[in-house]
Amino acid sequence: MQYEEVATTQDGNLVINVGPQHPATHGVMHLVITLHGETILNVQPHLGYIHRSIEKMCESLSYRQFIYSTSRMDYLSSHINNHGCALAVEKGLQVEVPERAKVIRVLMDELTRIASHVLWWGAMAMDVGALTPFFHAFRERELINDIMEETCGARLTMNYMVPGGVMFDLHPNFVKKVKEFVAFFRTKIDEYDTLVTYNVIFQERMKNVGVISAADAVSFGCTGPVLRACGVKSDIRKLAPYDGYEKLNFEEPLETAGDSYARYLVRMRELRESLSIIDQLIDNIPEGEFQAKTKAVLKLPKGEFYSRVETARGEFGVYIISEGGLTPYRIHFRSPGFANLSCLNHIAKGQKIGDLVAMMGTLDLVIPDIDR
Amino acid sequence: MISLEHISQSIHEALSASLNSTLVLLIEMAIAGVLVIALFAVLGLVLVFMERKVSAYMQIRLGPNRVGYKGFAQTAADTLKLLIKEGLTPDGADKFLFNLAPLLVIIVAMLIMAPIAFTKGFQLWDINIGVLYVSAVSSIGVIGILMAGWASNNKYSLLGAMRSGAQIVSYELSAGLSVLTIVILVGSLSINDIIASQQNGWWIFKGHIPVLISFVIFVIAVTAETNRAPFDLAEAESELTAGFHTEYSGMRFALFFLAEYVNIFIVCAIGATLFFGGWMPFHIGSWEAFNHVMDFIPGIVWFFGKVFALIFLIMWFRWTFPRLRVDQLLNLEWKYLLPIAMFNLLLTTVMAITGFYFK
C-alpha cells in the first residue's frame, strides 16, 4: 500500500506517524493518526513490520514441531497458545490426555494468565503516565517466571505442552512455590488497587473513554476482556470447556460500560478468578502419567481440525487442514490481538491523543500476535 | 559559629579597603556569578541523583550504585557523556531558534535565582518586588519551550510545546494568586520582609485554613508549571516520545534537563520562603529552651532542609500519579483551582484586614 508522506491534510489537520518505533505501541506497530489539534480524526494501523509468516512456516514442520513456533506469537501467553495447538492435534489423533496432564495444563494456563495480566497492568499504567506500577508488576511476574523456569526450563517461550500431555513432570518444588506465590500475590492485588484502580486521575482517564457497544464489539470480532467489558459472555473456558475447566468453580467477570475502565476492571477481576482456579487445583493434582503414549511420528488423518482456547487476550483458534501427511497442509491461527486491534479506529475517533495510548493499553495488544 | 553573612561582609570590607567602589561592585558581581553557576552545577548533580534514588526507592530498585561511592558520581559521568556527545540539529530545523531555545530556558532559570534568600543576609539581589520579579521572569521560560518545539520541525515537539504553552500560561494564574495571599498578609513583595514576618511562626501555621489552601494550590500549580508529572504533558513520553525536546541531544538536551531541575529547586525555594519561613528556624511560642536549640541550627540548613522536603514531595508525585489528559488539565485549572484561589484570596484579604491570624 502506498501512502504519501504528508505533514498536513488539505483541511489543515496534522498527520503524525506513531511508530514503528514508539514507546506507546509496545513493539513495532505503525499507526498513522490524523489529528485536529489534540483530537483524533482517524487512526490507521499499518501492520507487517514483524511478519514472520509463522502459519506458512508451520506447513513445513511436523505436528510435534509446529507447536513451538506458536510460543513466538503471543509471547505473553505462550503456554495457552501451545495448549490450543496441542488440543487441535489431539483432536486429530483421538488421544485421551491423562488427568494429571490436564490439571498441569490448566495450572500453567492460569499462571500464564496471571503473568500476562500483571505485565499488562504495569504497561498500561505506564501508558497513562505512572511509571512505578511497571516495576511492581515485574516483581510478581518474576516469581511466576521462576516457577516456570523450574518446571519447563524456560521463562518466556515455554514449549511445554505437547500433543498428548505435557513435556516433563512437575518439579518437586512446584506445589510449594505456587502456594507461596498465591498467598503473596493476593496481598499484592490489593496494593495494585490502592495504587492505580482507586486513583482519581486514573479513573478520570479511563471512564467513558474508548466506549464500544456490545454489537460493535461482536461485529469487529473482539474477544476476551474487550468483549466481556461490554457484557457479552464469551469466555471459551465456560462456553466450550477444555481439559477440565468444566469441573472448576470460577466466575466469568462481566462489566457493562464497554469503556477503558470496564476493560481494566474485567482484567483485574480475572486475576482473582485465576487465583481461585489455582487454589482449587493445587492440592488436587492427580497422580499418574503426565503424557499419553503417542507414536514417535505423528500423522493426522485427512480432514479439518479446529480447537479454541481462552488466552489472556481473548479467543485463540487453531485451524488445521490435514491431507494425511507428516506436515499440515494448511494452518491458520485466529489470534485475539488482530481482531481486538481492528476496533481501535472505531473507539479512538473523537478522543484525545493521550487517550489513544490508554485505549491501546486496555486492548492489551501484543504485536507479534497481530503480525504473525 | 561561621555565618555566611559574616563571610560576605568581610569579603566586601576587604575589597573596599583597597579598591574603588566600581571595581568592588564588578568583582563582587563576578564572584556572585561564579557562585550561581557553581550552585547550578551542584544542584543539577544533586537533584538528578536524588530523583534517581527516590524513584528507585519507590520502584523497589537500587538506583545508580556503580560509579563512585554508592553511585554519587553517576550524574557527573552522565554529564561528561552528554558533553562529549554530538549535538545534532535536524534538517529543516530553524537553526537559530533551535540553538537559542535551551539557552533561553537556562538563562531564565538563572535569573530567578537572584532574589532568593539562602540565609540571613545572603542573597544576590534584595529587590523590593522580589515575589513579583520571580513570577514575571519565570513566565519567560515558556517562550523557550515554545521556541524549541517550533524550531525542531517535528510534530511531536510541536504538540508538546503547544501543550506546555497552554499549561504554563494557565497555571501561572493560580500560582500567582496563591503567592498573593502571603503578600497580602505580609503587606510587602520583598522576600526579606516575607521571611522577617515569619519570625514568630511560619505562615502555614499562622494563617489558618486559607493559607493551607493556598499552599495546596501553590504546590499543584508549580508542579504543573515545571512540567512535572502528573502534569508532564509537554514531554509525555508514552504519547509524544519526549515532547518539546525530542530532537535535542548532547549538551543542549542537558541544558533543558538542568533547567527543569533548577526550576524545581527555585519553585520549592519560593514555596519554602512563603509558607515555611525561608531560613527561619522552627519556633514554638514561649518554649525558650527549644527555640534556642532551634536557633543553633544555621539558617542555611533550615533553608535547604525545607526546600529538599518540598522537592521530595514533588518527586513523590511524579513516581506515584498517572498523567492527566490535556483537557482535564485545563479543566482543573480554569474550573477548580482558579475560582478556589480567587475566593481564597478574598478570604485572606478579610483575614488580613481584621487581623484574624496568629501573631
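Keep in mind it's a predicted model, so treat the numbers as computed, not measured.

Q: Give me the overall build of chain A: which residues, what numbers.
A: Of the regular secondary structure elements, chain A holds 15 helices and 8 strands. Whereas a compact globule of 372 residues would reach a radius of gyration of roughly 21 Å, chain A reaches 21 Å, a difference of no more than 12%. In terms of overall dimensions, chain A has a C-alpha envelope of 65 × 50 × 35 Å along the principal axes.

Q: I'd like to hear about the overall build of chain B, residue by residue, with values.
A: Within chain B, the regular secondary structure consists of 15 helices and 2 strands. Computed over its C-alpha atoms, the radius of gyration of chain B comes to 21 Å, within 12% of the 21 Å expected for a compact globule of 359 residues. Dimensions along the principal axes, computed over C-alpha positions, put chain B at roughly 65 × 55 × 45 Å. Relative to its full complement of 359 residues, chain B shows a buried share of 43%. Of all intrachain contacts in chain B linking residues separated by at least 6 positions in sequence, the fraction that spans at least 24 positions is 78%.

Q: Could you give me a rundown of the interface of chain A and chain B, with the residues and numbers involved?
A: Counting from both sides, the interface comprises 27 residues of chain A and, opposite them, 22 residues of chain B. Among the secondary structure elements, those contributing two or more residues to the side of chain A that touches chain B are strand 1 (14–18), helix 4 (99–127), helix 5 (132–152), helix 7 (200–206) and helix 14 (353–363) of chain A. Here the residues of the side of chain A that touches chain B sort into 14 nonpolar, 6 polar and 7 charged.

Q: Can you break down the sheet that holds strand 7 (residues 315–322) of chain A residue by residue, with the values?
A: Residues and elements named next belong to chain A. With antiparallel pairing, 3 strands are arranged side by side in an open sheet as 6-7-8. Here the strands that pair on one side only, and so sit at the sheet edges, are strand 6 (303–310) and strand 8 (330–334). Taken pair by pair, the neighbouring strands of this sheet meet at an average axis angle of 10 degrees, ignoring direction. Relative to strand 7, strand 6 is paired through 8 bridges, and the arrangement is antiparallel. Residue pairing across strands places Gly 303 opposite Ser 322, the latter belonging to strand 7. Packing against the sheet, helix 3 (residues 78–93) makes contact with strand 6 and strand 7, and its axis sits at approximately 150 degrees to strand 6.

Q: Can you explain the sheet that holds strand 2 (residues 30–36) of chain A? Please cite residues and give values.
A: All names here are of chain A. Sheet architecture is open: 3 strands sit in the order 1-2-3, paired in antiparallel fashion. Looking along the sheet, the strands with just one partner apiece sit at the ends: strand 1 and strand 3 (39–46). Mean inter-strand twist for the sheet, computed between neighbouring axes without regard to direction, equals 20 degrees. With 7 bridges joining them, strand 2 and strand 3 adopt antiparallel strand pairing. In the strand pairing of strand 3, His 36 is matched with Thr 39.

Q: I'd like a description of the packing of helix 6 (residues 141–151) of chain B against helix 7 (residues 155–186) of chain B, backed by residues and values.
A: Residue and element names in this part refer to chain B. Where helix 6 contacts helix 7, the axes come no closer than 7 Å and their chain directions differ by 165 degrees. Between helix 6 and helix 7, the angle is such that the two are roughly antiparallel. Crossing angle aside, the handedness with which helix 6 passes helix 7 is left-handed. Residue-level inspection shows Val 142, Ile 145, Leu 146, Ala 148, Gly 149 and Trp 150 of helix 6 in contact with helix 7, the latter providing Ser 157, Leu 158, Gly 160, Ala 161, Met 162, Ser 164, Gly 165, Ile 168 and Val 169. Of the residues belonging to the contact of helix 6 with helix 7, the class tally is 10 nonpolar, 5 polar and no charged.

Q: Tell me about unusual backbone geometry, residues and numbers included.
A: Of note in this structure, A:Asn208 is not a glycine but carries a positive phi near 60 degrees. Inspection of the secondary structure assignment puts A:Asn208 in the loop between helix 7 and helix 8 (214–220). Assessed through the 11 C-beta atoms surrounding it within 10 Å, A:Asn208 is described here as exposed. Within the chain, B:Lys70 stands out as a residue other than glycine whose phi angle is a positive 50 degrees. Relative to the helices and strands, B:Lys70 resides in the loop between helix 2 (21–58) and helix 3 (74–83).

Q: Describe the confidence of the model for chain B, listing the residues and the values that go with them.
A: The share of residues in chain B with pLDDT of 70 or more is 97%, and the mean pLDDT across the chain is 84. Confidence metrics for the complex model read pTM 0.86 and ipTM 0.81.

Q: Tell me what's going on with the environment of B:Ala76, and back it up with residues and numbers.
A: Among the secondary structure elements, B:Ala76 is positioned in helix 3. With 41 residues separating them along the chain, B:Ala76 and B:Ala117 place their C-alpha atoms 27 Å apart.

Q: Requested: an account of helix 4 (residues 95–112) of chain B, with residues and values cited.
A: All names here are of chain B. With 18 residues, helix 4 should reach 26 Å at 1.5 Å per residue; the first-to-last C-alpha distance of 27 Å fits that figure. Three or more residues of helix 4 are buried, namely Phe 98, Ala 101, Pro 102, Val 105, Ile 106, Val 108, Ala 109 and Ile 112. Of the surrounding secondary structure, the elements contacted by the buried residues of helix 4 are helix 5 (130–138), helix 6 and helix 12 (250–275).

Q: Which residues make up the packing of helix 4 of chain A against helix 5 of chain A, and what are the values?
A: Residues and elements named next belong to chain A. Where helix 4 contacts helix 5, the axes come no closer than 8 Å and their chain directions differ by 165 degrees. Judged by the angle between their axes, helix 4 and helix 5 are roughly antiparallel. In the crossing of helix 4 with helix 5, the sense of the turn from one axis to the other is left-handed. Together, Leu 111, Ile 114, Ala 115, Val 118, Leu 119, Trp 121, Gly 122, Ala 123, Ala 125 and Met 126 of helix 4 and Pro 133, Phe 134, His 136, Ala 137, Phe 138, Glu 140, Arg 141, Ile 144 and Ile 147 of helix 5 make up the contact between the two elements. Across the contact of helix 4 with helix 5, the residue classes break down as 15 nonpolar, 2 polar and 2 charged.

Q: Which residues make up the nonpolar core, and what values go with them?
A: Formed by 197 residues in total, the largest nonpolar core has its most connected members in A:Leu344, A:Met359, B:Val105, B:Ala221, B:Phe265, B:Ile266 and B:Cys268. Among the elements that take part in this core, helix 12 of chain B stands out by supplying 18 residues, more than any other.

Q: Would you mind going over helix 14 of chain A in detail, with residue names and values included?
A: For the α-helix, the turn length of 3.6 residues means that residues three or four positions removed from each other point alike. Residue and element names in this part refer to chain A. With 11 of its 11 residues buried, helix 14 lies for the most part within the structure. Those residues of helix 14 that sit buried are Ile 353, Gly 354, Asp 355, Leu 356, Val 357, Ala 358, Met 359, Met 360, Gly 361, Thr 362 and Leu 363. One or two steps after helix 14, the chain reaches Asp 364, where phi turns positive at roughly 55 degrees.

Q: Kindly report on the environment of B:Thr320, identifying the contributing residues and their values.
A: All names here are of chain B. Structurally, Thr 320 is set in the loop between helix 14 (299–318) and helix 15 (326–354). What makes Thr 320 partly exposed here is the crowd of 18 C-beta atoms within 10 Å. Residues Thr 320 and Met 58, 262 residues apart in the sequence, show an inter-C-alpha distance of 8.4 Å.

Q: Which residues make up the environment of B:Met342, and what are the values?
A: Residue and element names in this part refer to chain B. One can find Met 342 in helix 15. On the basis of neighbour count, Met 342 is assigned to the partly exposed category, with 14 C-beta atoms found within 10 Å. For the pair Met 342 and Ser 174, spaced 168 residues apart in the sequence, the C-alpha separation amounts to 8.1 Å.

What counts, and at which threshold
- Residue indices begin from 1 for each chain and proceed along its sequence in written order.
- For naming, the first written chain is A and the first written ligand is 1, with later ones following in the order written.
- It should be noted that, the model being predicted, local features are given only for residues of pLDDT at least 70 and side-chain atom pairs only at 80 or more, the latter also being counted only at that level, while totals for whole chains, interfaces and linings use all residues.
- Secondary structure elements are defined from DSSP: runs of H or I of at least 4 residues count as helices, runs of E of at least 2 residues count as strands, and each element is numbered from the N terminus.
- We compute the radius of gyration over the C-alpha atoms and compare it with the globule rule, which gives 2.2 Å times the number of residues raised to the power 0.38.
- Comment: burial labels come from other C-beta atoms within 10 Å of the residue's own C-beta, placed from the backbone, where a count of 20 or more is buried, 12 or fewer is exposed, and between is partly exposed.
- By definition, residues are in contact whenever their C-beta atoms, placed on the basis of the backbone, come within 7 Å of each other.
- Here the nonpolar group is Ala, Val, Leu, Ile, Met, Phe, Trp, Tyr, Cys and Pro; Asp, Glu, Lys and Arg are the charged ones; every other residue, Gly included, is treated as polar.
- What makes two strands pair is DSSP finding at least two bridges between them.
- Only the stretch in contact is used when a helix axis is fitted, and all axes are lines through C-alpha atoms; the angle between N-to-C directions ranges over 0 to 180 degrees.
- Our angle categories are set so that under 35 degrees counts as roughly parallel, over 145 as roughly antiparallel, 65 to 115 as roughly perpendicular, and the remainder as oblique.
- Working rule for handedness: look at the near helix, and if it is turned counterclockwise from the far one by less than a right angle, call the crossing left-handed; if clockwise, right-handed.
- Confidence scores labelled pLDDT are given residue by residue by the predictor and lie between 0 and 100.
- What a helix should span is 1.5 Å times the count of its residues minus one.
- In this description, a nonpolar core means buried residues of the types Ala, Val, Leu, Ile, Met, Phe, Trp, Tyr and Cys, linked to one another by C-beta atoms lying within 7 Å.

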